[in-house]
Amino acid sequence: MDKKPLILAVDDIAVNLTLLKSQLRFSNYDIITALSGKEALDLIQSAHPDAVLLDIMMPEMDGFEVLDAIRKNPATEELPVIMLTSLSEFEHHAHATMKGANGYLTKPLVTNQLIEALDAILHTA
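Quantities reported herein were computed from a predicted structural model and do not represent experimental measurements.

A.B. asks: Before we move on, can you summarise the overall build of the protein chain with the specific residues and values?
C.D. replies: In terms of regular secondary structure, the protein chain is built from 5 helices and 5 strands. Counting from the amino terminus, the protein chain carries its helices and strands in the arrangement β-α-β-α-β-α-β-α-β-α. Scaling as 2.2 N^0.38, a compact globule of 125 residues should have a C-alpha radius of gyration of about 14 Å, and the protein chain matches this with 13 Å. Out of the 125 residues belonging to the protein chain, those deemed buried represent 41%. Taking the contacts inside the protein chain whose residues are at least 6 apart along the sequence as the reference set, 60% of them involve residues at least 24 apart. Total accessible area on the protein chain stands at roughly 6900 Å², and carbon and sulfur atoms take up 56% of it. Mean positive and mean negative side-chain charge positions of the protein chain (9 and 18 charges, respectively) differ by 4 Å.

A.B. asks: Explain helix 3 (residues 63-72) residue by residue, including any values.
C.D. replies: Within helix 3, burial applies to Gly 63, Phe 64, Val 66, Leu 67, Ile 70 and Arg 71. Within helix 3, the buried residues cover an arc of 160° as seen down the axis, which keeps them to one side. In this fold, the buried residues of helix 3 make contact with helix 2 (37-47), strand 3 (51-55), strand 4 (81-85) and helix 4 (90-99). Two or three places before Phe 64, at the opening of helix 3, Asp 62 has a side-chain oxygen 2.9 Å from that residue's backbone nitrogen.

Rules of the game
Residues numbered from 1 in each chain as written. Predicted model: local features only at pLDDT ≥ 70, side-chain atom pairs only at ≥ 80, totals over all residues. Heavy atoms only, no water. Helix = DSSP H or I, 4+ residues; strand = E, 2+ residues; numbered from the N terminus. Rg over C-alpha atoms; globule rule 2.2 N^0.38 Å. Buried < 20%, exposed > 50% of the residue type's maximum accessible area, 1.4 Å probe, protein only. Contact = heavy atoms within 4.5 Å. Areas by Shrake-Rupley, 256 points an atom, 1.4 Å probe, with all protein chains shown as cover. Lys, Arg positive; Asp, Glu negative; His and termini not counted. Charge placed at Lys NZ, Arg CZ, Asp CG, Glu CD. Arc of directions from axis to C-beta. Polar contact = N/O pair within 3.5 Å; in protein donor to acceptor, adjacent residues only side chain to side chain.

Structure representation (structure tokens):
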């Protein structure tokens, strides 16, 4: 049996993480979660996820700062990251792309779009 890709979902709102878990539970992905940017960076080092779903708006360390840290570390610079946000302004999308995000999805998330985005960046489709 093939190992399912491991996805790290990062959001400071626990209910959003619960929703993400439920959206992915019947997919071909395993999911772990973090409630902060610092926790996410620790989990990236210890759990070695295959991709990250990263909320932009978080206290202390926002998603852009987490993405910067991921891209600056040679061990994780190629880690696929999809930014998740309720911000739909083009400037945020452009900023995420400029910072090296592999994708950008707006909340509320549509399950099929989420799975298609993960499939695309992980080439599992």
